[in-house]
Amino acid sequence: QWSMAKGSQSFGEATPVSIVEVSGNNVTSDTRNNALYLTQSIPTNMISGQKYFVTVTLQNNGKSSWSPSTTNISGDYKLTPYYTTDSKMLPDWGIGPLVLSQPVEPGQSKVFQFEVTAPPPGTYNLQWSMMQGSNYFGDPSGSALVTVVGNNNYITKSNNNSTFINQSVPII
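Residues numbered from 1 in each chain as written. Predicted model: local features only at pLDDT ≥ 70, side-chain atom pairs only at ≥ 80, totals over all residues. Heavy atoms only, no water.

A. The packing of aromatic side chains, seen in detail. The full count for this structure, using the stated rule, is five aromatic pairs. With 5.9 Å between their ring centres and 90° between their planes, Tyr-77 and Phe-137 make a pair best called edge-to-face. Taken together, the residues span a long stretch of sequence, with Tyr-77 in strand 6 (residues 77-81) and Phe-137 in strand 11 (residues 135-137) at a distance of 60 residues. Of the residues examined, Tyr-77 reaches a relative accessible area of 4% and is grouped as buried. With relative accessibility at 8%, the residue Phe-137 sits in the buried group. Here Trp-93 and Tyr-124 contribute two aromatic rings whose centre-to-centre distance is 5.9 Å and whose plane-to-plane angle is 80°, an arrangement assigned as edge-to-face. (Phe/Tyr/Trp six-rings, centres within 6.5 Å; stacked < 30°, edge-to-face > 60°. Helix = DSSP H or I, 4+ residues; strand = E, 2+ residues; numbered from the N terminus. Buried < 20%, exposed > 50% of the residue type's maximum accessible area, 1.4 Å probe, protein only.)

Have a look at this one:
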């Protein structure tokens with residue numbers, strides 16, 4: 001997906017999302033944990049504070065089974081937001097890691113379906129990845145550029161918040 005930018009600021013409407021299929025086997029002989037990104041469905045225009053459905057499909061193309069969470073301990077397999085050092089996905093999307101309810105064996109695919117809540121207005125890269133414990137592994141999902149517009153009813157989870165009511169300017 002493409003959009004215009006001046007410096008590091010994007011502006012204007014982004015191009016439609018294009019799905020690109022890449023084939024090949026990215027499993028090496030010593031890969032225990034690996035994930036292959038297959039597809040995703042993420043709305044690219046949102047209104048802050050509103051809920052939206054997201055679907056991400058990954059394939060276990062490693063040698064280890066992704067085991068379900070029984071105690072939510074740090075070694076569990078989960079889908080989680082993917083953050084990079086240059087990621088704009090720092091706002092709260094209203095969802096934590098998604099733990100597995102069933103094992104995903106090597107060669108099997110897993111479809112994750114969930115809701116996110118649009119953050120304050122801005123443009124963000126929304127991306128997901130598998131994680132075991134605190135370690136990402138495999139291919140992250142494609143980076144979706146999401147534009148969030150304002151909603152006067154949106155209230156942040158911060159202690160700092162304000163709403164414009166009116167103004168009075170004296171005439172001299």
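B. Broad picture of the nonpolar core. Of all hydrophobic cores here, the largest spans 26 residues; its most connected members are Met-46, Trp-66, Leu-79, Phe-114, Trp-128 and Met-130. Taken together, the elements giving at least two residues each to this core come down to strand 5 (51-60), strand 6, strand 8 (109-117), strand 9 (122-126), strand 10 (128-132) and strand 12 (144-149). No other element matches the four residues that strand 5 contributes to this core. Those residues in contact with Trp-66 that sit more than four places away from it in its chain are Asn-34, Ala-35, Leu-58, Gln-59, Asn-60, Tyr-77, Leu-100, Gln-102, Pro-103, Val-104, Met-130 and Phe-137. (Core = buried A, V, L, I, M, F, W, Y, C linked by side-chain atoms within 4.5 Å. Contact = heavy atoms within 4.5 Å.)

C. Focus on the sheet that holds strand 8. Strand order in the open sheet formed by three strands is 3-5-8, and the pairing between neighbours is antiparallel. For this open sheet the edge positions go to strand 3 (35-41) and strand 8, each flanked by a neighbour on one side alone. Taken pair by pair, the neighbouring strands of this sheet meet at an average axis angle of 25°, ignoring direction. (Pairing = 2+ DSSP bridges. Axes fitted to C-alpha atoms, helices over the stretch in contact; angles between N-to-C directions.)

D. Layout of the confidence of the model for the protein chain. Within the protein chain, residue pLDDT values average 78, and 67% of them lie at 70 or more. Note that residues 19-30 has pLDDT below 50 and, in this model, 10 contacts with residues that lie over four places away or in other chains. (pLDDT = per-residue confidence, 0-100.)

E. The arrangement of the sheet that holds strand 10 in detail. An order of 7-6-10-11 is seen for the four strands of this open sheet, with the pairing classed as antiparallel. A strand with exactly one partner marks an edge of an open sheet, and here the two such strands are strand 7 (98-99) and strand 11. Pairing between strand 6 and strand 10: five bridges, direction antiparallel. When the bridges of strand 10 are listed, Thr-80 appears paired with Ser-129.

F. Here's a closer look at the side chain of Thr-117. Looking at the secondary structure, you find Thr-117 in strand 8. The class of Thr-117 is buried, set by a relative accessible area of 19%. Here the side chain of Thr-117 touches Lys-51 through a polar contact of 3.4 Å, side chain to side chain. Excluding residues that lie within four positions of it along the chain, Thr-117 makes contacts with Gly-49, Gln-50, Lys-51, Asp-92, Trp-93 and Gly-94. (Polar contact = N/O pair within 3.5 Å; in protein donor to acceptor, adjacent residues only side chain to side chain.)

G. How the structure looks around the pairing of strand 5. Bridge count between strand 3 and strand 5: six bridges; the pairing is antiparallel. Across the sheet, the residue bridging to Leu-36 is Gln-59, located in strand 5. Pairing of strand 5 with strand 8, which is carried by nine bridges, proceeds in the antiparallel orientation. Residue pairing in the sheet places Thr-55 in a bridge with Gln-113 of strand 8.

H. Main features of the pairing of strand 12. Where strand 4 (residues 45-47) lies against strand 12, three bridges are found, and the strand directions are parallel. By the bridge assignment for strand 12, Asn-45 is matched with Thr-147. Pairing of strand 9 with strand 12, which is carried by five bridges, proceeds in the antiparallel orientation. When the sheet's bridge partners are listed, Thr-123 is paired in strand 12 with Thr-147.

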